[in-house]
Amino acid sequence: MRLFPLIVMILASPTWAGSFDRPIPQAQSATAELWFAVASLALIAALWLVHHLVMRK
């Protein structure tokens, strides 16, 4: 058990770690923007429908 911290320090040293490549975000396509707009409008319509049904009762 005395060697466990030493083994962990050796295995976790920066020399064993690979370099981190930051991911580059991709631009949205026109199709993705269209579907996002459709989904947003559908959500607004659903919220309005729920509001209308709740206010009626």
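See the structure above.
Everything numeric in this text was worked out from a predicted model, so none of it was measured.

Observations regarding the overall build of the protein
When helices and strands are counted, the protein shows two helices and zero strands. Within the protein, the fraction of its 57 residues that count as buried is 2%. Here the protein has roughly 6100 Å² of accessible surface; of this, 73% comes from carbon and sulfur atoms.

Some points on a nonpolar patch on the surface
Together, Leu3, Leu6, Ile7, Met9, Ile10 and Leu11 line one region of the surface with nonpolar side chains, adding up to about 630 Å² of accessible area. Mapped onto the elements of the fold, leucine 11 is located in helix H1 (residues 4–11). The exposure class of leucine 11 is exposed, given its relative accessible area of 60%.

Procedures and definitions
Residues numbered from 1 in each chain as written. Predicted model: local features only at pLDDT ≥ 70, side-chain atom pairs only at ≥ 80, totals over all residues. Heavy atoms only, no water. Helix = DSSP H or I, 4+ residues; strand = E, 2+ residues; numbered from the N terminus. Buried < 20%, exposed > 50% of the residue type's maximum accessible area, 1.4 Å probe, protein only. Areas by Shrake-Rupley, 256 points an atom, 1.4 Å probe, with all protein chains shown as cover. Patch = residues over 30% accessible without salt bridge, like charges linked within 9 Å, V, L, I, M, F, W, Y side chains within 5 Å. Salt bridge = Lys/Arg side-chain N within 4 Å of Asp/Glu carboxyl O.

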